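Observations on the three-dimensional arrangement
These are the residues of each chain, in order.
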Amino acid sequence: MQPEVSRGSRVVGRLAPSPTGAQHVGNARTYLIAWLSARSQGGELRLRIEDIDSPRVKAGAADLLVEDLRWLGLDWDGPIVVQSQRLSVYRQALQHLQAQELVYPCTCSRSDIALAASAPHAEHEGPVYPGTCAGRQVADAKLLQQQGRAYAWRFRVRHTPVFTDRLAGEVHLDLRRMGGDFVVWKNNNTPAYQLAVVVDDAAGGITEVVRGDDLIPSTPRQLLLYEALGWVPPAFAHVPLVVGTDGRRLAKRHGDTRLVQLRQAGVHAEALLGLLAWSCGWLDRIEPIRVQELLPLFRWEAIPRQPFVLLPEHLQAIGYSA
Ligand SMILES: [Zn+2]
């Protein structure tokens, strides 16, 4: 299957926020790194709104995140790509997987899978899919349709690709112990995250994916889809997250660190950029700086390999109390 755009030698990065809530300081840090990496190499950047996870998408959040990015001074090239407008493109990719019998229709509910799976599992990964429906062929979907049964499409995991991450180094995971065969098309007839992301990154000619390291387990799944669709995968850099003093990912319980709130409280973008740049090791102290001034300071090597613990005094240093 041909991607819509063929890749040149130019670096193309992307910002891919989900409008499932307001963007916070942690999101801003990852976007800043993605932006600086692409722009410091003279590369382009695409903006993509990942809005297919419809129950969690919040009205107005897409407009707000565009405002947040503009406030920070992070720009992008070309039109904004909106996933919910690209369903037919994702469907073509599904058909390509179906033609190779790499996917099968799965009628299991969440509780079916939890009941059938005996092995303990990582909390965020869910139980390993026990393969209940793996004996089905693509053609079996016709009968299910006639019976009016809802089904998802699952990808057959036969191996786990190893990949080299710019920050995490060589990553060896075992998908057979982490969820097993995974859903590429949901039973509500919308694409799953993994498929949509791969289709969009390939279509946009993306050469470099910079995102939070909570997505590391997604990467080998996406690499399997690149293999299956015959596309060249981008390079990956998974950035350690911003966490609160309890070591947990930044959330409401850590106070209000939403960018819109900082803006409304009169914090300047330059102040926040200074805090983020300091947290990445590009500045010796927290001081206001413009995003353009960070271009010559950006270095991957300086970014700490551990999560950044956001303390109340960091926010006080930029004139904000959460
Ligand atoms: Zn099943």
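Residues numbered from 1 in each chain as written. Predicted model: local features only at pLDDT ≥ 70, side-chain atom pairs only at ≥ 80, totals over all residues.

1. Considering the domain arrangement of the protein chain
- Annotation of the protein chain at the domain level lists domain 1 (12-85 + 240-316) and domain 2 (87-196).
- One C-alpha centre belongs to domain 1, the other to domain 2; they are set 31 Å apart.
- With six residues of domain 1 at the contact, the number on the domain 2 side is six residues.
- For the side of domain 1 that touches domain 2, the per-class residue count stands at three nonpolar, one polar and two charged. (Domains from an automatic or database assignment. Contact = placed C-beta atoms within 7 Å. Nonpolar A, V, L, I, M, F, W, Y, C, P; charged D, E, K, R; others polar.)

2. A closer look at the sheet that holds strand 4 (residues 103-106)
- The sheet built from three strands is open, its strands ordered 4-5-8 with antiparallel pairing. One side of each edge strand has no neighbouring strand; the edge strands of this open sheet are strand 4 and strand 8 (182-185). When the angles between neighbouring strand axes are averaged without regard to direction, this sheet yields 45 degrees.
- One ladder, built from three bridges, connects strand 5 (residues 152-155) with strand 8; its direction is antiparallel. Residue pairing across strands places Trp-153 opposite Trp-185, the latter belonging to strand 8.
- Most of the contacts of helix 3 (residues 87-99) go to strand 8, to which it runs at about 125 degrees, and overall it touches strand 4, strand 5 and strand 8. (Pairing = 2+ DSSP bridges. Helix = DSSP H or I, 4+ residues; strand = E, 2+ residues; numbered from the N terminus. Axes fitted to C-alpha atoms, helices over the stretch in contact; angles between N-to-C directions.)

3. Concerning the packing of helix 6 (residues 193-203) against helix 7 (residues 218-229)
- One way to put it is that helix 6 packs onto helix 7 with a least axis distance of 9 Å and a crossing angle of 60 degrees. With respect to helix 7, the element helix 6 is oriented oblique. Every pair of crossing elements has a handedness; the one defined by helix 6 and helix 7 is right-handed. Together, Gln-194, Leu-195, Val-197 and Val-198 of helix 6 and Ser-218, Arg-221, Gln-222, Leu-225 and Tyr-226 of helix 7 make up the contact between the two elements.
- Considered class by class, the residues forming the contact of helix 6 with helix 7 number five nonpolar, three polar and one charged. (Parallel < 35°, antiparallel > 145°, perpendicular 65-115°, else oblique. Left-handed = near helix turned anticlockwise from the far one by under 90°.)

4. Side note on the pairing of strand 10 (residues 235-239)
- In terms of burial, strand 10 is largely enclosed, as four of its five residues are buried.
- With helix 7 bridging strand 9 (residues 208-212) and the parallel strand 10, this β-α-β connection has right-handed handedness. (Buried ≥ 20, exposed ≤ 12 C-beta atoms within 10 Å, placed from the backbone. Right-handed = clockwise from strand over helix to strand, strands pointing away.)

5. What about the UniProt feature "binding site: Zn(2+)" (unreviewed entry) in the protein chain?
- As recorded in UniProt, the feature "binding site: Zn(2+)" (unreviewed entry) lies at Cys-106, Cys-108, Tyr-129 and Cys-133. Look at the named residues: they lie 28 residues apart in sequence, but the longest C-alpha span between them is just 10.4 Å, so in the fold they bunch up.
- By the element assignment, Cys-106 lies in strand 4.
- Ignoring any residue separated from it by four or fewer positions in sequence, one finds Cys-106 in contact with Cys-133, Tyr-151, Ala-152 and Arg-154. (UniProt positions renumbered as here; feature names shortened; annotations may be inferred.)

6. Focus: the nonpolar core
- Leu-15, Leu-32, Trp-35, Leu-272 and Leu-273 are the most contacted members of the largest nonpolar core, which totals 44 residues.
- Elements represented by at least two residues in this core include exactly strand 1 (12-15), helix 1 (25-40), strand 2 (44-49), helix 2 (61-72), strand 9, strand 10, helix 8 (259-264) and helix 9 (269-279).
- Ignoring sequence-local partners within four residues, the contact set of Leu-272 consists of Ala-28, Leu-262, Val-267 and Ile-318.
- With 30 residues, the next largest nonpolar core counts Tyr-151, Leu-195, Val-199 and Leu-224 among its residues. (Core = buried A, V, L, I, M, F, W, Y, C linked by C-beta atoms within 7 Å.)

7. Comments concerning the sheet that holds strand 2
- If you walk across this open sheet you meet the three strands as 1-2-3, and the pairing is parallel. Edge strands, defined here as strands with exactly one partner in the open sheet, are strand 1 and strand 3 (81-82).
- Inspection of the sheet shows strand 1 paired to strand 2 by four bridges, in the parallel sense. Bridge pairing in strand 2 links Arg-14 to Arg-46.

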